[in-house]
Amino acid sequence: MRAIVKLSLADKIALIYTSAGSQRKVADAIGVSHQTVGRILLAASEGRSVAQYEKRADLLHSVDAAFELHRDLVRTVARQHQIPHSEAVPVYAERLALK
(Lines give C-alpha, C1' and ligand atoms only; values in the text may rest on other atoms or scores of the structure.)
Protein backbone atom coordinates (compact mmCIF):
# COMPACT_ATOMS: atom_id res chain seq x y z
CA MET A 1 0.00 0.00 0.00
CA ARG A 2 1.32 3.41 -0.97
CA ALA A 3 1.61 6.04 1.78
CA ILE A 4 -0.25 9.28 1.14
CA VAL A 5 1.86 12.38 1.67
CA LYS A 6 0.03 15.61 2.50
CA LEU A 7 2.13 18.49 1.23
CA SER A 8 1.76 21.95 2.73
CA LEU A 9 1.60 25.16 0.74
CA ALA A 10 5.29 25.82 1.45
CA ASP A 11 6.23 22.25 0.48
CA LYS A 12 4.54 22.63 -2.90
CA ILE A 13 6.21 25.98 -3.50
CA ALA A 14 9.60 24.54 -2.56
CA LEU A 15 9.09 21.61 -4.95
CA ILE A 16 8.05 23.96 -7.76
CA TYR A 17 11.26 25.90 -7.01
CA THR A 18 13.30 22.78 -7.90
CA SER A 19 12.17 22.99 -11.52
CA ALA A 20 11.70 26.75 -11.82
CA GLY A 21 15.17 27.59 -10.54
CA SER A 22 14.41 30.99 -8.99
CA GLN A 23 11.91 32.69 -6.73
CA ARG A 24 10.94 35.05 -9.55
CA LYS A 25 10.03 32.16 -11.85
CA VAL A 26 8.03 30.51 -9.06
CA ALA A 27 6.29 33.84 -8.42
CA ASP A 28 5.42 34.16 -12.12
CA ALA A 29 4.01 30.63 -12.13
CA ILE A 30 1.74 31.21 -9.12
CA GLY A 31 0.91 34.88 -9.66
CA VAL A 32 2.48 36.53 -6.61
CA SER A 33 5.58 38.62 -6.00
CA HIS A 34 8.96 37.00 -5.46
CA GLN A 35 8.99 38.61 -2.01
CA THR A 36 5.85 36.67 -1.10
CA VAL A 37 7.45 33.43 -2.25
CA GLY A 38 10.49 34.23 -0.11
CA ARG A 39 8.36 35.07 2.92
CA ILE A 40 6.44 31.80 2.69
CA LEU A 41 9.56 29.68 2.28
CA LEU A 42 11.47 31.48 5.05
CA ALA A 43 8.58 31.28 7.51
CA ALA A 44 8.13 27.57 6.82
CA SER A 45 11.84 26.84 7.16
CA GLU A 46 11.91 28.67 10.50
CA GLY A 47 8.83 26.81 11.73
CA ARG A 48 6.60 29.88 11.76
CA SER A 49 2.99 29.77 10.64
CA VAL A 50 2.00 30.49 7.05
CA ALA A 51 -1.70 30.30 7.89
CA GLN A 52 -2.38 33.78 6.51
CA TYR A 53 -1.32 32.55 3.08
CA GLU A 54 -3.12 29.22 3.42
CA LYS A 55 -6.41 31.10 3.90
CA ARG A 56 -6.16 32.66 0.43
CA ALA A 57 -8.21 30.49 -1.92
CA ASP A 58 -6.77 32.20 -5.00
CA LEU A 59 -3.22 31.45 -3.89
CA LEU A 60 -4.02 27.84 -3.04
CA HIS A 61 -5.67 27.32 -6.43
CA SER A 62 -2.77 28.83 -8.40
CA VAL A 63 -0.16 26.87 -6.40
CA ASP A 64 -2.09 23.64 -6.98
CA ALA A 65 -2.29 24.35 -10.73
CA ALA A 66 1.44 25.15 -10.94
CA PHE A 67 2.22 22.07 -8.83
CA GLU A 68 0.35 19.80 -11.25
CA LEU A 69 2.39 21.22 -14.14
CA HIS A 70 5.55 20.70 -12.09
CA ARG A 71 4.56 17.11 -11.31
CA ASP A 72 4.00 16.39 -15.02
CA LEU A 73 7.37 17.94 -15.88
CA VAL A 74 9.16 15.86 -13.25
CA ARG A 75 7.54 12.66 -14.51
CA THR A 76 8.38 13.45 -18.15
CA VAL A 77 12.01 14.42 -17.53
CA ALA A 78 12.61 11.46 -15.22
CA ARG A 79 11.34 9.06 -17.88
CA GLN A 80 13.38 10.73 -20.63
CA HIS A 81 16.56 10.63 -18.55
CA GLN A 82 15.76 7.20 -17.08
CA ILE A 83 16.15 8.28 -13.47
CA PRO A 84 13.91 7.36 -10.52
CA HIS A 85 11.36 9.83 -9.19
CA SER A 86 8.66 9.96 -6.56
CA GLU A 87 5.05 10.71 -7.42
CA ALA A 88 4.38 11.65 -3.79
CA VAL A 89 7.26 14.13 -3.49
CA PRO A 90 8.25 15.15 -7.02
CA VAL A 91 11.72 16.72 -6.89
CA TYR A 92 12.98 17.87 -10.27
CA ALA A 93 16.23 16.28 -11.41
CA GLU A 94 17.88 15.66 -14.72
CA ARG A 95 20.88 13.70 -15.90
CA LEU A 96 23.77 15.74 -17.30
CA ALA A 97 24.64 15.20 -20.93
CA LEU A 98 27.22 12.50 -21.53
CA LYS A 99 30.41 13.41 -23.35
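Please refer to the structure placed before this passage.
Rules of the game
Residues numbered from 1 in each chain as written. Predicted model: local features only at pLDDT ≥ 70, side-chain atom pairs only at ≥ 80, totals over all residues. Heavy atoms only, no water. Helix = DSSP H or I, 4+ residues; strand = E, 2+ residues; numbered from the N terminus. Buried < 20%, exposed > 50% of the residue type's maximum accessible area, 1.4 Å probe, protein only. Contact = heavy atoms within 4.5 Å. Patch = residues over 30% accessible without salt bridge, like charges linked within 9 Å, V, L, I, M, F, W, Y side chains within 5 Å. Areas by Shrake-Rupley, 256 points an atom, 1.4 Å probe, with all protein chains shown as cover. Salt bridge = Lys/Arg side-chain N within 4 Å of Asp/Glu carboxyl O. Axes fitted to C-alpha atoms, helices over the stretch in contact; angles between N-to-C directions. Left-handed = near helix turned anticlockwise from the far one by under 90°. Nonpolar A, V, L, I, M, F, W, Y, C, P; charged D, E, K, R; others polar. Core = buried A, V, L, I, M, F, W, Y, C linked by side-chain atoms within 4.5 Å. Expected span 1.5 Å × (residues − 1).

What to know about the overall build of the protein
In terms of helices and strands, the protein carries five helices and zero strands. Listed N to C, the secondary structure of the protein is α-α-α-α-α in terms of helices and strands. Here the protein holds 99 residues, and the buried ones make up 30% of them. Contacts in the protein between residues far apart in sequence, at least 24 positions, make up 49% of those at least 6 positions apart.

Thoughts on the environment of R24
Along the chain, the position of R24 falls in helix 2 (residues 23-30). What makes R24 exposed here is its relative accessible area of 53%. Along the backbone, R24 and G38 are 14 residues apart, and their C-alpha atoms lie at a distance of 9.5 Å.

Points about unusual backbone geometry
Unlike most non-glycine residues, Q82 shows phi in positive territory, near 55 degrees. Note that Q82 resides in the segment after helix 5 (57-81).

Re a nonpolar patch on the surface
Together, V5, V89 and V91 give the surface a local cluster of nonpolar side chains, amounting to about 200 Å² of exposed area. Within the element layout of this structure, V89 appears in the segment after helix 5.

With respect to the packing of helix 1 (residues 9-20) against helix 3 (residues 34-45)
At a minimum axis distance of 9 Å, the contact between helix 1 and helix 3 shows a crossing angle of 115 degrees. The way helix 1 lies across helix 3 gives a crossing that is left-handed. Residues L9, A10, I13, A14 and Y17 of helix 1 lie in contact with helix 3, whose contacting residues are V37, I40, L41 and A44. Of the residues belonging to the contact of helix 1 with helix 3, the class tally is nine nonpolar, no polar and no charged.

Concerning the nonpolar core
The tendency in soluble globular proteins is for nonpolar side chains to be buried side by side. Counting 20 residues, the largest nonpolar core has L9, I13, I30, V37, I40, L59 and V63 as its most contacted members. The dominant element in this core, judged by the number of residues it contributes, is helix 1, at five residues. When residues no more than four places from it in sequence are discounted, the contact partners of I30 are I13, V37, L59, S62, V63 and A66.

Some remarks on helix 1
Over its twelve residues, helix 1 runs 16 Å from end to end, which matches the ideal 16 Å to within 8%, given 1.5 Å per residue. Every buried residue of helix 1 is accounted for by L9, A10, K12, I13, L15 and I16. The inward-facing, buried residues of helix 1 contact helix 2, helix 3, helix 4 (51-54) and helix 5. Two residues or fewer past helix 1, G21 is found with a positive phi of approximately 95 degrees.

Considerations on the pattern of salt bridges
When charged atoms on two side chains of opposite charge get close, those side chains can pair. In total, this model carries six salt bridges according to the counting rule given. We note a salt bridge from R71 to E68, for which the minimum N-O separation is 4.0 Å. Here R71 and its partner E68 are both found in helix 5, three residues apart, which amounts to about one turn of the helix. Assessed through its relative accessible area of 40%, E68 is described here as partly exposed. The shortest N-O distance in the salt bridge between R75 and D72 comes to 3.0 Å. You can see R75 and its partner D72 sitting in helix 5, three residues apart, about one turn around the helix. On the basis of relative accessible area, D72 is assigned to the partly exposed category, the value being 35%. Among the ionic contacts, a cluster of salt bridges with common partners joins D72, R75 and E87.

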